[in-house]
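Descriptive analysis of the structure
Here is what each chain is made of, one letter per residue.
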Amino acid sequence: MNIVVINGQNHKGSTYHIGRMLADMLAKKDEITEFFLPRDLNHFCLGCYSCIEDETKCPFWNEKKVILDAMERADLLIFTSPNYCLAPSGAMKSFLDLMFDCWMVHRPREWMFQKRAVILSTSAGASNGGAMKIVKNSLFGWGVPYIKTYGIAVQAMNWDMVKNKKKAKIEKDMTGIAKKLRCEKAPRVGVKTRLMFRMMGMMHAAGWDSSPTEKQYWAERGWLGKGRPWKQSK
Ligand SMILES: Cc1cc2nc3c(=O)[nH]c(=O)nc-3n(C[C@H](O)[C@H](O)[C@H](O)COP(=O)(O)O)c2cc1C
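Figured I'd write up the structure that's included with this text. (Residues numbered from 1 in each chain as written. Predicted model: local features only at pLDDT ≥ 70, side-chain atom pairs only at ≥ 80, totals over all residues. Heavy atoms only, no water.)

Let's shift gears to the overall build of the protein. In terms of helices and strands, the protein carries nine helices and five strands. Taken from the N to the C terminus, the helices and strands of the protein come in the order β-α-β-α-α-β-α-β-α-β-α-α-α-α. Relative to the 2.2 N^0.38 estimate, which gives 17 Å for 234 residues, the radius of gyration of the protein is 18 Å and therefore close to what a compact globule would have. Projected onto the principal axes, the alpha-carbon positions of the protein cover approximately 55 × 40 × 35 Å. Buried residues in the protein amount to 50% of all 234 residues. (Helix = DSSP H or I, 4+ residues; strand = E, 2+ residues; numbered from the N terminus. Rg over C-alpha atoms; globule rule 2.2 N^0.38 Å. Buried < 20%, exposed > 50% of the residue type's maximum accessible area, 1.4 Å probe, protein only.)

Set out below in structure tokens:
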């Protein structure tokens, strides 16, 4: 299984270790590609909207493309981020902002509708719901049909500080998630995504695009009619 792990932090703390644990349960070492943020995409979105006209015009396209290409080849995407002030890390948020053009409302990629993703977050004590929700919103917006979240309060500032009992619980939980991921078949695009896609299609048909190139993108793929990305992608 090809896995891409996008770490919302450069360091290898509790969150990284949980992501790596899950990846190691599912894949061989050479099947796992890790990205670290901000190391591998060290930019904030400039709000220039160049990507809306043409994705390759993003000032950071070269770095972004490396990550997008790896994501396209992956069978599973794992996103990790520590809980920073009840949100994902700033680096993870910057990455999500730079993926703005992938949202269904703009130029969704066919292959996103085939992906499975797991979002992992750790905190000292607080709920990770808010941090994971922000990542999940983007993944839903990109069209990813299977999104599993797992958050845990580790009461620690790094992996070494995490108590053995807690590590054992995490390992048990990751074993459960890995088992499910191994058994499940290709994900099915849900009703919410289908409805959202249809609404976006109606919007583009009516000419409510951010740019005429968006309507063209949708029209070329037959999405303004009955064509759907989850039926077209391999
Ligand atoms: C900038 C910053 C903000 C944080 N905010 C919170 C928070 O709001 N709630 C919480 O429970 N823990 C918070 N923490 C603690 C981390 O979420 C926690 O230690 C986490 O397990 C760190 O993951 P890591 O080992 O992967 O870096 C914060 C830590 C930092 C550095």
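Take the site of the ligand next. The environment of the ligand is formed by 18 residues, the closest being His 11, Thr 15, Asn 83, Thr 122 and Ala 156. One nitrogen or oxygen atom from the side chain of Thr 15 is found 2.5 Å from an oxygen atom belonging to the ligand. Coverage of the ligand by the protein amounts to 72% of the 650 Å² it exposes when considered alone. At the level of elements, helix 1 (14–26) and strand 4 (116–123) are the ones that each hand at least two residues to the shell around the ligand. Of the residues contributing to the shell around the ligand, the split by class is nine nonpolar, nine polar and no charged. (Near = heavy atom within 4 Å. Polar contact = N/O pair within 3.5 Å; in protein donor to acceptor, adjacent residues only side chain to side chain. Areas by Shrake-Rupley, 256 points an atom, 1.4 Å probe, with all protein chains shown as cover. Nonpolar A, V, L, I, M, F, W, Y, C, P; charged D, E, K, R; others polar.)

Another point: unusual backbone geometry. With an omega of 10°, the peptide bond between Leu 37 and Pro 38 qualifies as cis. Examined against the element boundaries, Pro 38 turns out to sit in the loop between strand 2 (32–36) and helix 2 (50–53).

Further remarks concern the environment of Met 202. Note that Met 202 resides in helix 7 (residues 191–205). Taking the C-alpha atoms as reference points, Met 202 and Gly 190, separated by twelve residues in sequence, lie 19 Å from one another.

This brings us to the packing of aromatic side chains. Summed over the entire model, instances satisfying the criterion amount to eleven aromatic pairs. Between Tyr 217 and Trp 223 the ring centres are 5.8 Å apart and the planes differ by 75°, which places this aromatic pair in the edge-to-face class. Take Tyr 217 and Trp 223: they sit in the same class, and that class is buried. Grouping aromatic residues by their ring pairs yields a cluster made of Phe 113, Phe 197, Tyr 217, Trp 218, Trp 223 and Trp 230. The residue whose ring lies beneath Arg 107 is Tyr 217, and the NZ or CZ to ring-centre distance is 5.7 Å. Note that Arg 221 overlies the ring of Trp 223, its terminal NZ or CZ placed 5.8 Å from the centroid. (Phe/Tyr/Trp six-rings, centres within 6.5 Å; stacked < 30°, edge-to-face > 60°. Lys NZ or Arg CZ within 6 Å of the ring centre and 35° of its normal.)

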